[in-house]
Number of protein chains: 4
Amino acid sequence: MSKTPIIILNYKTYTESTGKNAVQLSKYVQEASEESGINMAIAPQAVDLYPIISEVDIPVYSQHMDAITPGGHTGSTLPEAIKETGVTGTLINHSEQRLTIADIDSIVEKTKEMELTSVLCTNNVKTSAAAASFNPDYIAIEPPELIGTGIPVSQANPEIVENTVEEIHKINKEINVLCGAGISTGEDMKAALELGSQGVLLASGIIKADDQKQALLDLVSLI
Amino acid sequence: MSKTPIIILNYKTYTESTGKNAVQLSKYVQEASEESGINMAIAPQAVDLYPIISEVDIPVYSQHMDAITPGGHTGSTLPEAIKETGVTGTLINHSEQRLTIADIDSIVEKTKEMELTSVLCTNNVKTSAAAASFNPDYIAIEPPELIGTGIPVSQANPEIVENTVEEIHKINKEINVLCGAGISTGEDMKAALELGSQGVLLASGIIKADDQKQALLDLVSLI
Amino acid sequence: MSKTPIIILNYKTYTESTGKNAVQLSKYVQEASEESGINMAIAPQAVDLYPIISEVDIPVYSQHMDAITPGGHTGSTLPEAIKETGVTGTLINHSEQRLTIADIDSIVEKTKEMELTSVLCTNNVKTSAAAASFNPDYIAIEPPELIGTGIPVSQANPEIVENTVEEIHKINKEINVLCGAGISTGEDMKAALELGSQGVLLASGIIKADDQKQALLDLVSLI
Amino acid sequence: MSKTPIIILNYKTYTESTGKNAVQLSKYVQEASEESGINMAIAPQAVDLYPIISEVDIPVYSQHMDAITPGGHTGSTLPEAIKETGVTGTLINHSEQRLTIADIDSIVEKTKEMELTSVLCTNNVKTSAAAASFNPDYIAIEPPELIGTGIPVSQANPEIVENTVEEIHKINKEINVLCGAGISTGEDMKAALELGSQGVLLASGIIKADDQKQALLDLVSLI
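Conventions adopted
- Residues numbered from 1 in each chain as written.
- Chains lettered and ligands numbered in written order.
- Predicted model: local features only at pLDDT ≥ 70, side-chain atom pairs only at ≥ 80, totals over all residues.
- Heavy atoms only, no water.
- Helix = DSSP H or I, 4+ residues; strand = E, 2+ residues; numbered from the N terminus.
- Rg over C-alpha atoms; globule rule 2.2 N^0.38 Å.
- Buried < 20%, exposed > 50% of the residue type's maximum accessible area, 1.4 Å probe, protein only.
- Contact = heavy atoms within 4.5 Å.
- Areas by Shrake-Rupley, 256 points an atom, 1.4 Å probe, with all protein chains shown as cover.
- Lys, Arg positive; Asp, Glu negative; His and termini not counted.
- Charge placed at Lys NZ, Arg CZ, Asp CG, Glu CD.
- Least-squares fit on C-alpha atoms with pLDDT ≥ 70 in both.
- Pairing = 2+ DSSP bridges.
- Axes fitted to C-alpha atoms, helices over the stretch in contact; angles between N-to-C directions.
- Polar contact = N/O pair within 3.5 Å; in protein donor to acceptor, adjacent residues only side chain to side chain.
- Buried area = accessible area lost by both parts, 1.4 Å probe.
- Salt bridge = Lys/Arg side-chain N within 4 Å of Asp/Glu carboxyl O.
- 1 Å grid on protein atoms, 1.4 Å probe; cavity = no way out; pocket = protein on both sides within 12 Å on 5 of 7 lines; lining within 4 Å.
- Points joined across faces, edges and corners; volume = space filled by probe spheres on them.
- Nonpolar A, V, L, I, M, F, W, Y, C, P; charged D, E, K, R; others polar.
- Parallel < 35°, antiparallel > 145°, perpendicular 65-115°, else oblique.
- Left-handed = near helix turned anticlockwise from the far one by under 90°.
- pLDDT = per-residue confidence, 0-100.

**With respect to the overall build of chain A**
- Broken down by element type, chain A carries 10 helices and eight strands.
- For chain A, whose C-alpha radius of gyration is 16 Å, the value lies close to the compact-globule estimate of 17 Å for 223 residues.
- Seen through its principal axes, chain A has C-alpha atoms that stretch 50 × 40 × 30 Å.
- Relative to its 223 residues, chain A shows a buried fraction of 61%.
- Sequence-distant contacts, at least 24 apart, represent 65% of the contacts inside chain A between residues at least 6 apart.
- Counting only carbon and sulfur atoms, one obtains 45% of the accessible surface of chain A, whose full area is about 7900 Å².
- For chain A, the distance from the average position of its 14 positive side-chain charges to the average position of its 30 negative side-chain charges is 2 Å.

So, in structure tokens, the structure goes:
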């Protein structure tokens, strides 16, 4: 896994990142990544994975997987079905899709078996330390009180990022830390890296921008 | 909507109906439908909708939709995203994905707005009568105690199908009734129609068959 | 069941209606009921049922029951355990504790077996019609957009109450209708009755009042 | 907190441990504890806490608390309401009432504020290590595949207990470990202690016994 900065753009279920819009946005992300030389990855809705993966050549993550095995689970998201799309990895335990601790364990284990990259989301220093026990590839810390506020965690609460990196690395130095919540500008991104994170997980700051590609270029302009 | 018999094959999350297997199975269903002249539809996982819809020309349903509007709902299934795949309709409230009564109301309403066919699943006569208040296109009654048993509802409990049809039609004669749980043979299918249903919703009896296409042809051989 | 007006006070989990406060509030409700001659009932938290029932002589409802039978269900609310406290009945499917349609059916059935009064909560005309199929004793309609606003449903949306009464009575004339959301004054209560409801289900308007007993007396002052 | 062995009897929602039966059982537990000199605690349903606490003088735990603060949460279990009953502590994240990692963090924190003893349940070595990051008073490891089998974890999988103790103590030596699942005899209890646990969390093996008090005495007969 690269130790250079990484940006993961979570498409959530916004109109601007659904269906044809999602495919177009993915092309913008690829262009911004190529023009800036910064690693950029995307996390579209499950239903949009195939059309996006056939159109772009950047890392694509699933937003979620259910802790199930093949069988009778109508309407659930089967890990094997996600793997078969060609994804690079998956988000796990996003604040909008929280899991039990037993299911987190089971899904991180499943990503290792399937050779997928795991991005385990947490909400504070203590849950990040707990998350480190599962040895995911990334831990993405997003203080829920900042999500959607436009106030970057790197500014509102810089010590939460530093402490998270420190506590996680006490348990496993190989785990990369991402930070999220409120990130949208080049300053936010720069601060996130200076605080010891490897990159950012973000959504509305880019997806809702008038010019999504330019917003991505601005985001990485100071690094 | 056709008043001729219909079969909806729920792909659930079986290995035999995921990814490439799902595309192949969909082709078999199309062939069986063309050879028999019987309407056959399929309900694959959300992630597999685009590749299947681009390969076959039969009605395709989603297995589920979440009662959400576009926005921040990481990992959820957005109705608008499902609609954009080109589906004909969606299952709602399958026994493996039960919804609250407020969410059922909201999703049936949404399918009407989006001009999708709604197949609302229920478990007994009383919940079927309640479901009829929402005026879905289809109500699919599946007594949970028979699911996966191989014992067809049409044989184990014929009066539940007859009573369901009767109670639903007291409220709205336009609603078609499907029956499910334990259906796998031509006899089961024939009995289901004789009891007043419009067709069947089924899964493992076909998906797990050695020869899926032949199993479908056998299913409709007596009608 | 009485056809005279009824008030059910939902204690929710407010500090003012928990533990010793809940016992004291229950005494005020009893006094207000005796002084006004109006039927008043209460719905405290499960944990507070025994101490309240031993202190007052008014109808006491549970806020919820899980659709379970005796067995291994750590942390759940067993219907038989609630029954044994001596309650009169239970709320079902409150907007803060929504249930699947299959569970609503199962719990209403269980209340009939246990000879408890059922108060089934709904959110609009259509879900009320569906709810009527289960033949509960009461249906309490609470438009969620009005809960906690202080804007009474009887004023904001009078036709929702009238239409709910009409649709429910098409299915079963024996079902009593309560209305909730935003009710707090004597005018609200009077309007609720004039629109065809049998009474009200309310919470914060009374519980958060400086003088809870006086608030109850004011509520019934115009009927 | 005592470093002598402890037994916590989870009443779940069995008929034999509900209502009057729960009060009677609690008296048996107190007698068995006094006669044997071994610490025995109980975890009844929320609804039964007050009547039990007024009758016995042994540590009483709640089975669950919801991660809520006082307010509008009809049907939920408010931590402050449980605290007011006089309980000693609470089970958290039992396998029959799993929580998200964010809620576990929030509830363990709440128990510290309220000076309650926390018993955090886990299912394997890795989730136990994660649980240790929250610094609960006890971690109770119960491999779900053994629950209700009568096959004691101490016999089926002794290394899971040893490894759990070891991993937890790497993070915090103050955390006591309990083991559960399949425990019912004096041999099981003895083995549990020899493997490094501080005691057991158990349910049906005692609750379903013909003579519950004798079953408890047998359980501690070899220590």
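**Here's the deal with the relation of the copies chain A and chain D**
- At an RMSD of 0.0 Å, chain A and chain D line up after a rotation of 180 degrees and a shift of 0.0 Å along the axis. Both chain copies can therefore be described as sitting about a two-fold axis.
- Here 100% of the interface residues in chain A have copies in chain D that are interface residues too; the copies meet face to matching face.

**Comments concerning the arrangement of the chains**
- At no point do chain A and chain C touch; the closest pair of C-alpha atoms across them sits 16 Å apart.
- These two, chain B and chain D, are apart from each other, with no contact and a minimum C-alpha gap of 16 Å.

**Side note on the relation of the copies chain B and chain A**
- The transformation that overlays chain B on chain A combines an axial shift of 0.0 Å with a rotation of 180 degrees, and the residual RMSD is 0.0 Å.
- Residue by residue, 100% of the interface of chain B is reproduced at the interface of chain A, so both copies engage with the same surface.

**Notes on the sheet that holds strand β7 (residues 176-180) of chain B**
Residue and element names in this part refer to chain B.
- One open sheet holds the eight strands; their spatial order is β2-β1-β8-β7-β6-β5-β4-β3, and the pairing between them is parallel. Looking at the sheet topology across the chains shown, the edges are occupied by β2 (39-43) and β3 (61-62).
- Here helix α1 (residues 20-36) sits on the sheet in contact with β1 (6-10) and β2, set at roughly 165 degrees to β2.

**Overview of helix α5 (residues 125-132) of chain B**
- Burial analysis of α5(B) places six of its eight residues in the buried class, the great majority of the element.
- If you check which residues of α5(B) are buried, you get Thr127(B), Ser128(B), Ala129(B), Ala130(B), Ala131(B) and Ala132(B).
- Those residues of α5(B) hidden inside the fold are in contact with β5 (117-122), β6 (138-141) and α7 (158-171) of chain B together with α4 (101-113) and α5 (125-132) of chain C.
- Between a side-chain oxygen at the N-terminus of α5(B) and the backbone nitrogen of Lys126(B) the separation is 3.1 Å; the capping residue is Asn124(B).

**Side note on the interface of chain A and chain D**
- The interface is formed by 18 residues belonging to chain A together with 18 residues belonging to chain D.
- Looking only at chain A, the three residues that lose the most surface to chain D are Ile101(A), Lys126(A) and Ser133(A), adding up to 36% of its buried area.
- Along the contact surface separating chain A from chain D lie two salt bridges.
- A salt bridge links Lys126(A) to Glu109(D), with the nearest nitrogen and oxygen atoms 2.7 Å apart.

**Topic: the layout of surface pockets**
- Computed from the structure, the largest pocket encloses a volume of approximately 570 Å³.
- Broken down by secondary-structure element, the contributors of at least two residues to the lining of the largest pocket are α3 (79-84) of chain A together with α3 (79-84) of chain B.
- Residue classes in the lining of the largest pocket are distributed as 14 nonpolar, 16 polar and three charged.

**Let's talk about the pattern of salt bridges**
Residues and elements named next belong to chain D.
- Applying the stated criterion across every chain, the model contains 36 salt bridges over all chains.
- With a shortest N-O distance of 3.0 Å, Glu-31 and Lys-213 are connected by a salt bridge. Here Glu-31 is found in helix α1 (residues 20-36), whereas its partner Lys-213 is found in helix α10 (residues 212-219), with 182 residues between them in sequence.
- Note on Glu-31: relative accessible area 31%, which makes it partly exposed.
- A residue is classified by how much of its surface remains accessible, and Lys-213, at 18% relative accessible area, is buried.

**Quick notes on the packing of helix α4 (residues 101-113) of chain A against helix α5 (residues 125-132) of chain D**
- Running from amino to carboxyl end, α4(A) crosses α5(D) at an angle of 125 degrees, the nearest separation of the two axes being 10 Å. Relative to α5(D), α4(A) is oriented oblique. For the crossing formed where α4(A) meets α5(D), the hand is right-handed. In contact with Ile101(A), Ala102(A), Asp105(A) and Glu109(A) of α4(A), α5(D) contributes Lys126(D), Thr127(D), Ala130(D) and Ala131(D).
- Considering only residue class, the contact of α4(A) with α5(D) consists of four nonpolar, one polar and three charged.

**Considerations on the environment of Glu55(B)**
- Assignment of secondary structure puts Glu55(B) in the loop between α2 (49-53) and β3.
- Along the chain, Glu55(B) and Lys208(B) lie 153 residues apart, while their C-alpha atoms are 22 Å from each other.

**With respect to the confidence of the model for chain A**
- Per-residue confidence for chain A gives a mean pLDDT of 93; residues scoring 70 or more make up 98%.
- The ipTM assigned to the predicted complex is 0.95, against a pTM of 0.94.

**Considerations on the pairing of strand β7 (residues 176-180) of chain A**
Residues and elements named next belong to chain A.
- Counting buried positions along β7 gives five out of five residues, so the element sits mostly inside the fold.
- Side chains Asn-176, Leu-178 and Gly-180 project from β7 onto one buried face, and the interleaved Val-177 and Cys-179 project onto a second face that is buried too.
- As paired strands, strand β6 (residues 138-141) and β7 are joined by four bridges and run parallel to one another. Paired with Ile-141 across the two strands is Cys-179, which belongs to β7.
- Relative to strand β8 (residues 199-202), β7 is paired through three bridges, and the arrangement is parallel. Residue pairing in the sheet places Cys-179 in a bridge with Val-200 of β8.

**Things to note about the environment of Asn163(A)**
Residue and element names in this part refer to chain A.
- In this structure, Asn-163 sits in helix α7 (residues 158-171).
- For Asn-163, a relative accessible area of 34% translates into the label partly exposed.
- Separated by 32 residues in sequence, Asn-163 and Leu-195 place their C-alpha atoms 9.3 Å apart.

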